[in-house]
Amino acid sequence: NAGVMQNPRHLVRRRGQEARLRCSPMKGHSHVYWYRQLPEEGLKFMVYLQKENIIDESGMPKERFSAEFPKEGPSILRIQQVVRGDSAAYFCASSPPVVGTQYFGPGTRLLVL
Amino acid sequence: QQQVKQSPQSLIVQKGGIPIINCAYENTAFDYFPWYQQFPGKGPALLIAIRPDVSEKKEGRFTISFNKSAKQFSLHIMDSQPGDSATYFCAASKETSGSRLTFGEGTQLTVNP
């Protein structure tokens, strides 16, 4: 049973470009969460999604950030017009529909030049 | 009220020692308290978790102690090994399906040979 998969593992963007981060949950998991980890800090919740629905986006910055989890395919975290402050590790986690334990992927490390 | 406070920020012990990491929470609605272990460049991995109906849980060399009245919980690592050197995060959530995790700031543990 493959774990949570994220790609790319590393992403370099210049200021003003767009970043797209992908997450495939564990088999049988229908809940996806995105967290951001700034250097030397803990993980901060960004958004929680189920298939085709955003359930809780209270941790998402109001501008430039969006997330989706389509019926088919991976969940996508999209950052438009990236700025240097967006440089961080972005982790996706998934959980099954009944039990709340979250399992994390390896993360995408975004560097904005 | 959503915060989880973790201490110490860093910890150095000798092989065989028993490092203890402490966390405190404010939100009495939290009812699920996992600990995650993170190695550099990797995603957080679930280590052990506890619910407030028990005061202690042990899995292998890892033990969680839980004090509901004080709203505190701690991780003990018995017979620590150099391979335990990692960053440890406590977290808390409401264990309904789809609940966000609130993380502590993390503790960087170094176990010297």
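Treat the numbers as computed from the prediction; the structure is a model and nothing was measured. (Residues numbered from 1 in each chain as written. Chains lettered and ligands numbered in written order. Predicted model: local features only at pLDDT ≥ 70, side-chain atom pairs only at ≥ 80, totals over all residues. Heavy atoms only, no water.)

Trainee: What should I look at first to understand the overall build of chain A in this one?
Mentor: Each helix and strand in chain A was counted, giving zero helices and eleven strands. Ordered by position from the N terminus, the helices and strands of chain A form the series β-β-β-β-β-β-β-β-β-β-β. For 113 residues, the compact-globule estimate of 2.2 N^0.38 gives 13 Å, and chain A sits close to it at 13 Å. Overall, chain A is about 40 × 25 × 25 Å in size when its C-alpha atoms are taken along their principal axes. With 113 residues in all, chain A has 45% of them scored as buried. Accessible surface for chain A amounts to roughly 5800 Å². Of this, 49% is attributable to carbon and sulfur atoms. In chain A, 16 side chains carry a positive charge and 10 a negative one; their mean positions are 7 Å apart. (Helix = DSSP H or I, 4+ residues; strand = E, 2+ residues; numbered from the N terminus. Rg over C-alpha atoms; globule rule 2.2 N^0.38 Å. Buried < 20%, exposed > 50% of the residue type's maximum accessible area, 1.4 Å probe, protein only. Areas by Shrake-Rupley, 256 points an atom, 1.4 Å probe, with all protein chains shown as cover. Lys, Arg positive; Asp, Glu negative; His and termini not counted. Charge placed at Lys NZ, Arg CZ, Asp CG, Glu CD.)

Trainee: Mind showing me how you'd approach the state of the cysteines here?
Mentor: A covalent bond bridging the sulfur atoms of two cysteines is what the word disulfide describes. Taken as a whole, this structure holds two disulfides over all chains when the rule is applied. Covalently, Cys 23 of chain A is tied to Cys 92 of chain A through a disulfide, its sulfur atoms 1.7 Å apart. Looking along the S-S bond of the Cys 23 of chain A-Cys 92 of chain A disulfide, the torsion reads about -50°, which is the left-handed sense. Taken together, the residues span a long stretch of sequence, with Cys 23 of chain A in strand β3 (residues 19–24) and Cys 92 of chain A in strand β9 (residues 88–95) at a distance of 69 residues. The same class applies to Cys 23 of chain A as to Cys 92 of chain A, namely buried. The disulfide partner of Cys 23 of chain B is Cys 90 of chain B, and the S-S distance across this bridge is 1.9 Å. On the S-S bond that ties Cys 23 of chain B to Cys 90 of chain B, the torsion sits near -95°, and the link is left-handed. (Disulfide = S-S within 2.5 Å.)

Trainee: Teacher, can you tell me more about the packing of aromatic side chains here?
Mentor: Two descriptors summarise a pair of aromatic rings, namely the distance from one centre to the other and the angle between the planes of the rings. Taken as a whole, this structure holds 16 aromatic pairs over all chains when the rule is applied. Ring pairing ties together the aromatic residues Tyr 35, Phe 45 and Phe 104 of chain A together with Tyr 36, Phe 89 and Phe 103 of chain B, which thus form one cluster. (Phe/Tyr/Trp six-rings, centres within 6.5 Å; stacked < 30°, edge-to-face > 60°.)

Trainee: Looking at this model, I keep getting lost on the interface of chain A and chain B. Mind explaining?
Mentor: By a widely used convention, the size of an interface equals the accessible area lost when the partners come together. With 26 residues of chain A at the contact, the number on the chain B side is 18 residues. It is Leu 43, Gln 102 and Phe 104 of chain A in chain A that bury the most area against chain B; as a group they hold 28% of the surface buried on that side. Linking chain A with chain B are zero salt bridges, by the criterion used here. The interface formed by chain A and chain B includes eight residue pairs in polar contact (both at pLDDT 80 or more). If you list the elements that add at least two residues to the side of chain A that touches chain B, you get β4 (31–37), β5 (43–50) and β10 (103–104) of chain A. If you tally residues by element for the side of chain A that touches chain B, the top one is β4 of chain A, at four residues. Of the residues belonging to the side of chain A that touches chain B, the class tally is 13 nonpolar, nine polar and four charged. (Contact = heavy atoms within 4.5 Å. Buried area = accessible area lost by both parts, 1.4 Å probe. Salt bridge = Lys/Arg side-chain N within 4 Å of Asp/Glu carboxyl O. Polar contact = N/O pair within 3.5 Å; in protein donor to acceptor, adjacent residues only side chain to side chain. Nonpolar A, V, L, I, M, F, W, Y, C, P; charged D, E, K, R; others polar.)

Trainee: Help me understand the sheet that holds strand β1 (residues 5–7) of chain A in this model?
Mentor: By way of backbone hydrogen bonds, the strands of a sheet pair with one another, either parallel or antiparallel. Residue and element names in this part refer to chain A. Taken in spatial order, the four strands make up an open sheet running β1-β3-β8-β7, and their pairing is antiparallel. Edge positions in the sheet fall to β1 and β7 (65–68), since each has one partner strand and no second. Strand-to-strand twist across the sheet, computed as the mean angle between neighbouring axes with direction ignored, equals 15°. Sheet topology places β3 next to strand β8 (residues 75–79); five bridges connect them, and they run antiparallel. (Pairing = 2+ DSSP bridges. Axes fitted to C-alpha atoms, helices over the stretch in contact; angles between N-to-C directions.)

Trainee: What is the right way to read the side chain of Thr 63 of chain B from this model?
Mentor: Position of Thr 63 of chain B relative to the elements: it lies in strand β7 (residues 62–67). Not counting residues within four places of it along the chain, the set of residues in contact with Thr 63 of chain B comprises Glu 56, Lys 57, Lys 58, Ser 74, Leu 75, His 76 and Met 78 of chain B.

Trainee: Hey, could you run me through the pairing of β7 of chain B in this one?
Mentor: Looking along a regular strand, one sees side chains alternate from face to face of the sheet. Residues and elements named next belong to chain B. Relative to β7, strand β6 (residues 56–59) is paired through four bridges, and the arrangement is antiparallel. Bridge assignment links Lys 57 to a residue of β7, and that residue is Ile 64. Count of turn residues in the β6/β7 antiparallel hairpin: two residues, of which Gly 60 carries a positive phi of about 65°. Examined bridge by bridge, β7 and strand β8 (residues 72–77) share six bridges and lie antiparallel to one another. From the neighbouring strand, Phe 66 faces β8, where its bridge partner is Phe 73.

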